[in-house]
Amino acid sequence: MKNKTYIWTLVLFLLFINVGIMLFSISNTKHNLSGIKGSYLREHYFLVNSMTKDIMAMNNRGYEIDDAIARSYDSYKMHYEVQKIYLQIYKDKVSIHSSLPIEATLSDKEMNVEKDITEIHVATLNGRKYIQISGNLPEQYSQYALVYYADITDIVNEWEKRNNSLFIASIIFSGVLSICLFILLEYLFEPLERISSISNQIANGEYKEKLEIRGGEEIAEVVQSFNTMADKIQYQMEELENHAREKQRLIDDLAHELRTPLTAIYGYAEYMQKTHLSEEDKYAATNYILSESTRLKNISESLLELVIIREEKEIEMISMDIEQLFKKVHQTENIKLKEKGIELVYYNELKEIKGNKDLIESMVVNLVDNAIKACSTKGKITMRAYFENEKKIIEVEDNGKGMTEKQLLQVTEAFYRVDTARSRKEGGNGLGLALCEQIAKKHHAELSFSSKPNEKTIVKVIFQE
Amino acid sequence: MADILVVEDEEAINELIRRNLKLVGHTCFLAMDGETAVEMINNKSFDLIVLDIMLPEMDGFEVLEQVKGTPTILLTAKRSVEDRVKGLVMGADDYLTKPFEMLELIARVEAILRRTKKDEDTFVIDNVRVEFHSRRLLLEENVVEYTPKEFELLEVLIRNRNIALSREKLLELVWGFEYIGESRTVDVHIQKLRKKLGLEKRIVTVYKLGYRLEV
């Protein structure tokens, strides 16, 4: 691109400049030539007249015409030779006098001109240039012709010298121009080259490179949009990488989650098949097989639910009574609450909330489930529904063992457990809060966690409308 | 008869390993997390530790750092080569990937115990006494003549006692992979062993599976 621009600009420029110079010098030469032609023509005319007068005078004094012409010729010849003007006299087309330093006669064709017309030529004789003017003497001497040669070699050389120096100047000028053009293009194309090198870097995965904004308006615009593009690519790549990492982690975790119950089921089945067991041992082994199978079933159900909620485009939203929701949750969790001796209370300031009944219920049950797991015996769990900053909020608070800030960051990750061993014992599969988050997202709601270790944990579901 | 510490946060698997190792005569001690494990290591000396890498809070590698001199088998759910290499570099003796087979667990435990000379040298059942290192077989204090394959078969049965072994497995363990024999060979050798040592009631035939030495 740059080289093309350079070559074409240079070629066009040089072409126009040199053609211009050529045309100028040709027309100049022509103009000059016609100028001097005119003056020599006048000179010739004057010479013919004065010679005729001389001849007439001498004729009257009794000189022969030839003699008179010879005398007159001699006197003028001397005078003009100094000015490098040479004369030739023809009588009946035969040269009788010549002051030319070389032998030259007019050709027949040149002689055949009409009597009273004066002919003008530029003739090259022996390498020198002459203006050749031929014309007959008037009336009574018309068998005589006067040819006038003006040596213009020096003048023409002078012109040529001037033209040559013009061409030399144009060559020097072209050289300077080509260098200047090169530097100019180098400067103008520099941002483009940087863009291309940085695009290559981006193509190789280095998204952090940025261009500085420099150069004219157009270039600055290109650079700016290029930077915007690089930013976007970087952002999207990071998004993709995060996404991929998250997926990979989920798969790793899932593999681990599945492998553990599988190991147990396989192991106990093999144990039962290959060894001689007492009834008690048999019961223990089958019990492990059953509970681990249940765990697998729970994981697959929760995962399926997670996928279905995520895939579902539109969920059915209805207005539901909060009071009823809390009552239903209490009913569902009643057995677990009684087992651990935990008290569940609720306060409601909202009339209703819009959402999918099953999903909202499942979310609150999950949150209360977590609260129960966090509480020791004689704990207390509080459900609240109220307005805050004109947003509807459902909140579950427990006075259990709480979480550290680091744990809070990870709680919604699938398969993350704050207390692995205990959670498994109580039948948790590590998917509860991941599910809650998906449900909240479907309702354009947000989950917010706050906790103090060994004191309390509050989970808020903040609805946006 | 080794003392083995099993560190595994999944109760089901912990219990499974304990039960399997108990079958072949080892005594197991269970730890559900890293801290407990380290405490137990400091208070008692074990012949072997079976250590899960994925433990809550303090993971297997951290526990491994605290283990001084006790042979360790790592238990890992991940198929990650890095984890295994890291464990082996840190001084673990072997590793086992979940899910594992009973015989694999027992074989690896046995191999390490043999290397550290903590394996049993003599085994007594009824009137029979087997001395592994000197390869002597005694019935009521009288030396019994045997072929090398018979002794090896008996050893495999003892090492995996209380566990049913299929004919194919026995062929593989005693005769080796390259042996292209019939499983009848196993039956013939078992018959000879039973007769020679009077172990008809001890070496039982398990329906569709193979044989088991019951102790």
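None of these values were measured; they are calculated from a predicted model.

## Section: the overall build of chain B
(1) Moving on: Within chain B, the regular secondary structure consists of 8 helices and 12 strands.
(2) Moving on: By residue count, 33% of the 215 residues in chain B fall in the buried class.
(3) Moving on: Of the contacts made within chain B by residues no fewer than 6 positions apart, 51% connect residues no fewer than 24 positions apart.

## Description of the overall build of chain A
(1) Moving on: Of regular secondary structure, chain A possesses 11 helices and 12 strands.
(2) Moving on: The buried share of chain A, reckoned over its 465 residues, is 24%.
(3) Moving on: Excluding contacts between residues fewer than 6 apart, the proportion of contacts in chain A whose partners are at least 24 apart in sequence is 63%.

## As for helix H7 (residues 167-175) of chain B
Residues and elements named next belong to chain B.
(1) Moving on: For H7, the full list of buried residues reads Leu 170, Leu 171 and Val 174. Take H7 and look down its axis: the buried residues cluster within an arc of 105°, on one side only.
(2) Moving on: Among the residues trailing H7, Gly 176 stands out with phi positive, at a value near 90°.

## Considerations on the UniProt feature "modified residue: 4-aspartylphosphate" (unreviewed entry) in chain B
Residue and element names in this part refer to chain B.
(1) Moving on: Under the feature "modified residue: 4-aspartylphosphate" (unreviewed entry), the UniProt entry names Asp 52.
(2) Moving on: Relative to the elements of secondary structure, Asp 52 occurs in strand S3 (residues 48-52).
(3) Moving on: Among all residues touching Asp 52, those that are not within four sequence positions of it are Val 7, Glu 8, Asp 9, Gly 60 and Leu 75.

## Some remarks on the nonpolar core
Across soluble globular proteins, nonpolar side chains show a tendency to be buried alongside one another.
(1) Moving on: With 55 residues, the main nonpolar core has Ile 4, Val 7 and Val 50 of chain B as its most contacted residues.
(2) Moving on: Counting residues per element, this core draws most heavily on helix H1 (residues 11-23) of chain B, at 5 residues.
(3) Moving on: Setting aside chain neighbours within four positions, we find Val 50 of chain B in contact with Ile 4, Val 6, Val 7, Ile 17, Ile 73 and Leu 75 of chain B.
(4) Moving on: In terms of nonpolar packing, the next biggest core, distinct from the first, is built from 37 residues, Leu 359, Met 383, Leu 431 and Val 461 of chain A among them.

## Focus: the sheet that holds S3 of chain B
All names here are of chain B.
(1) Moving on: Pairing is parallel across the open sheet formed by 5 strands, whose spatial order is S2-S1-S3-S4-S5. On the outer flanks of this sheet lie strand S2 (27-31) and strand S5 (94-97), each paired with one strand and no other. Direction aside, the axes of adjacent strands within the sheet are offset by 20° on average.

## A short note on the confidence of the model for chain B
Residue and element names in this part refer to chain B.
(1) Moving on: Per-residue confidence for chain B averages 88 on the pLDDT scale, and 96% of its residues sit at or above 70.
(2) Moving on: Taking the mean pLDDT of every element in chain B, the minimum, 84, falls on helix H4 (residues 81-89) and the maximum, 94, on strand S1 (residues 3-7).
(3) Moving on: Confidence estimates for the predicted assembly give a pTM of 0.61 and an ipTM of 0.89.

## Remarks on the UniProt feature "coiled-coil region" (unreviewed entry) in chain A
(1) Moving on: With numbering matched to this structure, UniProt assigns "coiled-coil region" (unreviewed entry) to residues 230-257 of chain A.
(2) Moving on: Secondary structure content for residues 230-257 of chain A is 100% helix and 0% strand, while the C-alpha to C-alpha distance between its ends is 40 Å.

## Quick notes on the interface of chain B and chain A
(1) Moving on: Facing 23 residues of chain B, the contacting portion of chain A comprises 18 residues.
(2) Moving on: Residues of the side of chain B that touches chain A, tallied by class, amount to 13 nonpolar, 2 polar and 8 charged.

## Side note on the sheet that holds strand S11 (residues 203-206) of chain B
Residues and elements named next belong to chain B.
(1) Moving on: On the basis of which strands lie adjacent, the open sheet formed by 3 strands has the order S10-S12-S11 and antiparallel pairing. The sheet terminates laterally at strand S10 (165-166) and S11, the two strands that pair on one side only.
(2) Moving on: Pairing of S10 with strand S12 (residues 210-213) involves 2 bridges; the strand directions are antiparallel. Residue pairing in the sheet places Ser 166 in a bridge with Gly 210 of S12.

## Some points on unusual backbone geometry
(1) Moving on: Between Lys 98 of chain B and Pro 99 of chain B the backbone carries a cis peptide bond, its omega angle lying at -5°.
(2) Moving on: Following the sequence through the fold, Pro 99 of chain B ends up in the loop between S5 and helix H5 (102-115).
(3) Moving on: Of note in the backbone geometry, His 444 of chain A takes a positive phi value of approximately 55° without being a glycine.
(4) Moving on: Positionally, His 444 of chain A belongs in the loop between helix H11 (432-442) and strand S11 (445-452).

## Focus: the environment of Ile 41 of chain B
Residue and element names in this part refer to chain B.
(1) Moving on: Here Ile 41 shows up in helix H2 (residues 34-43).
(2) Moving on: For Ile 41 and Val 67, which are 26 residues apart along the polypeptide, the C-alpha to C-alpha distance reads 7.2 Å.
(3) Moving on: Contact partners of Ile 41, with chain neighbours within four places excluded, come to Leu 5, Gln 66 and Val 67.

## Quick look at the pairing of strand S4 (residues 128-136) of chain A
Residue and element names in this part refer to chain A.
(1) Moving on: Pairing analysis gives 7 bridges linking strand S3 (residues 119-125) to S4, with the strands arranged antiparallel. Pairing of Thr 124 across the sheet is with Lys 129, part of S4.
(2) Moving on: Between S3 and S4, which follow one another and run antiparallel, lie 2 residues, and Asn 126 among them has a positive phi close to 55°.
(3) Moving on: The sheet contact formed by S4 and strand S5 (residues 144-151) spans 7 bridges and is antiparallel.

## Description of the packing of helix H6 (residues 279-311) of chain A against H11 of chain A
Residues and elements named next belong to chain A.
(1) Moving on: Running from amino to carboxyl end, H6 crosses H11 at an angle of 15°, the nearest separation of the two axes being 10 Å. For the element pair H6 / H11, the angle class is roughly parallel. The handedness of the crossing between H6 and H11 comes out as left-handed. Contacts between H6 and H11 pair Ser 302, Glu 305, Leu 306, Ile 309 and Arg 310 from the former with Ala 434, Leu 435, Gln 438, Ile 439 and Lys 442 from the latter.
(2) Moving on: Looking at side-chain class alone, the contact of H6 with H11 contains 5 nonpolar, 2 polar and 3 charged residues.

## Overview of the packing of helix H6 (residues 148-159) of chain B against H7 of chain B
Residue and element names in this part refer to chain B.
(1) Moving on: Closest axis-to-axis distance for the H6/H7 pair is 9 Å, and the angle between their directions is 120°. Considering their axes alone, H6 and H7 lie oblique with respect to each other. Both H6 and H7 take part in a crossing whose hand is right-handed. Where H6 approaches H7, its residues Lys 149, Glu 152, Leu 153 and Val 156 are matched on the opposing element by Leu 170, Leu 173 and Val 174.
(2) Moving on: Tallied by class, residues from the contact of H6 with H7 come to 5 nonpolar, no polar and 2 charged.

## A few points about the environment of Leu 113 of chain B
All names here are of chain B.
(1) Moving on: With respect to the helices, strands and loops of the structure, Leu 113 is situated in helix H5.
(2) Moving on: Residue class for Leu 113 comes out partly exposed when judged on the 19 C-beta atoms lying within 10 Å of it.
(3) Moving on: Along the primary structure Leu 113 and Asp 47 are separated by 66 residues, whereas in three dimensions their C-alpha atoms are 7.6 Å apart.
(4) Moving on: Look past the residues within four positions of Leu 113 in its chain and what remains in contact with it is Ala 2, Asp 47, Leu 48, Lys 118 and Asp 119.

What counts, and at which threshold
- Residues numbered from 1 in each chain as written.
- Chains lettered and ligands numbered in written order.
- Predicted model: local features only at pLDDT ≥ 70, side-chain atom pairs only at ≥ 80, totals over all residues.
- Helix = DSSP H or I, 4+ residues; strand = E, 2+ residues; numbered from the N terminus.
- Buried ≥ 20, exposed ≤ 12 C-beta atoms within 10 Å, placed from the backbone.
- Contact = placed C-beta atoms within 7 Å.
- Arc of directions from axis to C-beta.
- UniProt positions renumbered as here; feature names shortened; annotations may be inferred.
- Core = buried A, V, L, I, M, F, W, Y, C linked by C-beta atoms within 7 Å.
- Pairing = 2+ DSSP bridges.
- Axes fitted to C-alpha atoms, helices over the stretch in contact; angles between N-to-C directions.
- pLDDT = per-residue confidence, 0-100.
- Nonpolar A, V, L, I, M, F, W, Y, C, P; charged D, E, K, R; others polar.
- Parallel < 35°, antiparallel > 145°, perpendicular 65-115°, else oblique.
- Left-handed = near helix turned anticlockwise from the far one by under 90°.

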